[in-house]
Amino acid sequence: AAWVKCSGRSKERTAASWHGSSIKSRSAAFGAALRDLIDDPCQLGAVRSWLRPEHFTHAASGRLYAVLLDMDASGQPIDPVTVAWAARRRGLRTDPARLAGGTGPFAVASAREVRRLGTLAQIADAGIAIQRDAADPQLTPSRLIAAAARRLESVRDATMREPGPADAVAAP
């Protein structure tokens, strides 16, 4: 079973199928990262500076990650039951059984994959917007190129503003 249901995806986005990964495999990566972080909450300190809720392309997964960050910051115990309870208090419904079974030692690697997939999703979104702009017959080529550059620069700037996993995690 997939970690989250990805309803509401546009056909354009699904058809893009960027980097050969399906919605189901991306959802599985997000679920694995969350389960791994729940299994070893100490790893939240290693990822909090560079993994953001926005990197999770499914909003509910990002909101669940935000719950984990808040619980960790306030010193609450983190396990599948307490996370499900805290999530429910924020309007997120999840089954504790779906939060169990993580592999804590892989939490940082799983988080790196979420960030990579989130960045690829931002790039795909920019590409789709550029394609949409290119279909506008009133847009001159020079304006299209300028608009495409702005879209791609915003993705580049967003990734450069944040420390990356290699910058934030020292070798053991």
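A short tour of the structure in this document, coming up. This one's a predicted model, so the numbers in the text were calculated from it and none came from an experiment. Throughout this document, residue positions are counted from 1 along each chain, in the order its sequence is written. For a predicted model such as this one, the threshold for reporting local features is a pLDDT of at least 70, and the threshold for listing and counting side-chain atom pairs is 80 or more; totals across whole chains, interfaces and linings nevertheless cover every residue. The side-chain figures draw on all heavy atoms in the structure; neither hydrogens nor water molecules are used.

Helix and strand assignments come from DSSP, with helices taken as H or I runs of at least 4 residues and strands as E runs of at least 2, each series counted from the N terminus. Looking only at helices and strands, one finds nine helices and zero strands in the chain. Long-range pairs, those at least 24 residues apart, make up 70% of the contacts in the chain with a sequence separation of at least 6. For the area figures, the Shrake-Rupley method with a 1.4 Å probe applies, and any residue is considered shielded solely by the protein chains shown. Carbon and sulfur atoms form 56% of the exposed surface of the chain, whose accessible area is close to 9,700 Å². Two residues form a contact once any of their heavy atoms are found within 4.5 Å.

What follows covers the packing of aromatic side chains. Note on aromatic contacts: the rings of Phe and Tyr and the six-membered ring of Trp form a pair at centre separations within 6.5 Å, being stacked when their planes are under 30 degrees apart, edge-to-face when over 60 apart, and tilted otherwise. Tallied over the entire structure, the rule returns one aromatic pair. Ring centres of F56 and Y65 lie 5.3 Å apart, and the angle between their planes is 35°; this geometry places the pair in the tilted category. The two residues F56 and Y65 agree in class, both being buried. In this scheme, a residue with accessible area under 20% of its type's maximum is buried, one over 50% is exposed, and one in between is partly exposed, where area comes from a 1.4 Å probe on protein chains only.

Our next topic: the environment of S74. Secondary-structure assignment places S74 in the loop between α4 (59–73) and α5 (80–89). In this structure S74 comes out as partly exposed when scored by relative accessible area, which is 48%.

Another point: the environment of D79. Position of D79 relative to the elements: it lies in the loop between α4 and α5. Separated by 40 residues in sequence, D79 and D39 place their C-alpha atoms 6.9 Å apart. Pairs of N or O atoms are called polar contacts if they sit within 3.5 Å, as long as, within protein, a hydrogen donor faces a hydrogen acceptor (for residues adjacent in sequence, only side-chain-to-side-chain pairs). Here the side chain of D79 touches T82 through a polar contact of 2.9 Å, landing on its backbone nitrogen.

Turning to α5, a few remarks are in order. Owing to its 3.6 residues per turn, the α-helix aligns residues three or four sequence positions apart on the same side. When α5 is considered as a whole, its buried residues turn out to be V83, A84, A86 and A87. The buried residues of α5 all sit within an arc of 165° when viewed along its axis, so they share a single face. Turned more than 90 degrees away from the buried face of α5 sit V81, W85 and R89, all of them exposed. The backbone nitrogen of V81 has a side-chain oxygen 2.9 Å away, supplied by the residue at the start of α5, namely D79. Positive backbone phi, at 90°, marks G91, one or two positions downstream of α5. The directions considered for the arc are those from the helix axis to the C-beta atoms.

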